[in-house]
Amino acid sequence: MEIQIQQIIFQLINFSVVVGALTYFLYKPIIKILEERADKIVKGQQAAEKSIQEADKIEELKEKAIKDGQKQASEIIADAKIKAKDQAIIITNQAKEEASHIITKMKADFDQEKQKQLKLMKSQFSQAVVSVSEKVLMESLTEKKHQQLIDKELESIFKAI
Amino acid sequence: MLTVQVITAVKLPSATITKIKERVEDKYKTDAQIVEVVKPNVIGGISLTIGSDQFDSTLKNKLFKIKNQLDQNL
């Protein structure tokens, strides 16, 4: 068996053509497809990461909103308690003041009524004394006693003039 | 002429009227005319009104003063 140079060269050329054709028509498109897929995967990963980050951010915002809400609710409750306490003090003080005014007025009315009744009693008493005295004097004064009294009073009057 | 109103509970004897007239004329140095008024409600005593001067010594007036004192001091 002898080596045929022409055949070898032909085979080399043939092989090169096949390799070139394979490279051009198969290898490059596959590489391109693989690169595109890899790129798509990377982009997908990036999108997923971004989505996770956004989800975390939303979760943080939610927790923050809940905490803020709880804080505001606590503040509102505390404020309401303070206001209710203040209101209770104000109402209690007003009630005490009103009670004091009522008591003072009642006492004043009572004192006034007491004074009025006392004055009336005194007046009635003195009137009774005078009426009784008048009656007794009218019944006890005789003509002689009238004259004696008149003479005595006349002396007093003329001494005073 | 000085008018003298005399108020008493009973009618005065004329001697008393004369005595009053003389005493007034002596004190006031002028003639006096006596106007006698009988008011039983004065109870007793006598009240003289000589011109603008009044001297009330009736028992009614004394009792009135006592009543006022009782009203003030009770």
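Quick summary incoming for the structure in this document. Small disclaimer: the values here were computed from a predicted structure and weren't measured.

**Comments concerning the overall build of chain B**
Here is step 1 of the chain: What chain B contains, in helices and strands, is two helices and four strands.
Here is step 2 of the chain: Starting at the N terminus and walking to the C terminus, you meet the elements of chain B as β-α-β-β-β-α.
Here is step 3 of the chain: Classification of the 74 residues of chain B by burial places 39% in the buried group.
Here is step 4 of the chain: Contacts in chain B between residues at least 24 apart in sequence constitute 63% of all its contacts with a sequence separation of at least 6.

**Quick notes on the interface of chain A and chain B**
For an interface, size is often stated in terms of accessible area lost upon the parts coming together.
Here is step 1 of the chain: Each side of the interface is counted separately: chain A has 23 residues, and chain B has 30 residues.
Here is step 2 of the chain: The junction of chain A with chain B conceals about 2,500 Å² of combined surface from both sides, 74% of it contributed by carbon and sulfur atoms.
Here is step 3 of the chain: Our count for the chain A to chain B interface comes out at three salt bridges.
Here is step 4 of the chain: One salt bridge connects Glu153(A) with Lys62(B), and the closest N-O pair in it is separated by 3.7 Å.
Here is step 5 of the chain: On the surface where chain A and chain B come into contact, there are six residue pairs in polar contact (both at pLDDT 80 or more).
Here is step 6 of the chain: Tallying contributions element by element places helix H1 (residues 5-140) of chain A first for the side of chain A that touches chain B, with 11 residues.

**Regarding the packing of aromatic side chains**
Residues and elements named next belong to chain A.
Here is step 1 of the chain: Enumeration over the complete set of coordinates arrives at one aromatic pair over all chains.
Here is step 2 of the chain: A ring pair is formed by Tyr24 and Phe25, whose centres lie 4.9 Å apart and whose planes are at 90 degrees; its orientation type is edge-to-face.
Here is step 3 of the chain: Classification of Tyr24 by relative accessible area gives exposed; the value is 55%.

**Some points on the environment of Gln33(B)**
Residues and elements named next belong to chain B.
Here is step 1 of the chain: Tracing the backbone through its elements, the reader meets Gln33 in strand S2 (residues 32-38).
Here is step 2 of the chain: Residue Gln33 is classed as partly exposed on the basis of its relative accessible area of 43%.
Here is step 3 of the chain: As a C-alpha pair, Gln33 and Thr3 span 30 residues in sequence and 4.8 Å in three-dimensional space.
Here is step 4 of the chain: With residues up to four places along the chain from it excluded, the contact list for Gln33 reads Met1, Leu2, Thr3 and Val4.

Parameters and conventions
- Residues numbered from 1 in each chain as written.
- Chains lettered and ligands numbered in written order.
- Predicted model: local features only at pLDDT ≥ 70, side-chain atom pairs only at ≥ 80, totals over all residues.
- Heavy atoms only, no water.
- Helix = DSSP H or I, 4+ residues; strand = E, 2+ residues; numbered from the N terminus.
- Buried < 20%, exposed > 50% of the residue type's maximum accessible area, 1.4 Å probe, protein only.
- Contact = heavy atoms within 4.5 Å.
- Buried area = accessible area lost by both parts, 1.4 Å probe.
- Salt bridge = Lys/Arg side-chain N within 4 Å of Asp/Glu carboxyl O.
- Polar contact = N/O pair within 3.5 Å; in protein donor to acceptor, adjacent residues only side chain to side chain.
- Phe/Tyr/Trp six-rings, centres within 6.5 Å; stacked < 30°, edge-to-face > 60°.

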